[in-house]
Amino acid sequence: MKNFQIIVLLFLALSVLSPIPAWAQSAEFPGVEKAMSPQEYDAAGLQKLTPDERARLDEFIRRFVAFCKKMAAEKAGELSVKE
């Protein structure tokens, strides 16, 4: 559990302190095809996915990022209350 807290705090710190692409700051992730360079996209083999498979991957990423943001916010709130 302690490692998870450290990871969440690290994620929060990196989110705040590092340059973030414009799409990451908005509520909507544009999808892997737009978020990655063409070279990254091809190297990952994502061109083999059907449009439905790519949509499912994009939705998973959206849910995962939303979950991470929620966990980071909750942990930051808990830590600020403790301090």
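Residues numbered from 1 in each chain as written. Predicted model: local features only at pLDDT ≥ 70, side-chain atom pairs only at ≥ 80, totals over all residues. Heavy atoms only, no water.

> Can you walk me through the overall build of the protein in this structure?
The helix and strand tally for the protein stands at five helices and zero strands. The linear arrangement of helices and strands in the protein, starting from the amino end, is α-α-α-α-α. Within the protein, the fraction of its 83 residues that count as buried is 14%. Within the protein, residue pairs in contact and separated by at least 24 positions form 60% of the contacts whose partners lie at least 6 positions apart. Here the protein has roughly 6500 Å² of accessible surface; of this, 64% comes from carbon and sulfur atoms. (Helix = DSSP H or I, 4+ residues; strand = E, 2+ residues; numbered from the N terminus. Buried < 20%, exposed > 50% of the residue type's maximum accessible area, 1.4 Å probe, protein only. Contact = heavy atoms within 4.5 Å. Areas by Shrake-Rupley, 256 points an atom, 1.4 Å probe, with all protein chains shown as cover.)

> Explanation requested: the environment of Arg54 in the structure shown.
Checked against the element boundaries, Arg54 lands in helix 5 (residues 51-82). For Arg54, a relative accessible area of 17% corresponds to the buried category. Considered as a pair, Arg54 and Val32 are 22 residues apart in the sequence and their alpha carbons are 7.8 Å apart. Other than its neighbours up to four places away in sequence, Arg54 contacts Val32, Glu33, Tyr41, Leu46 and Leu49.

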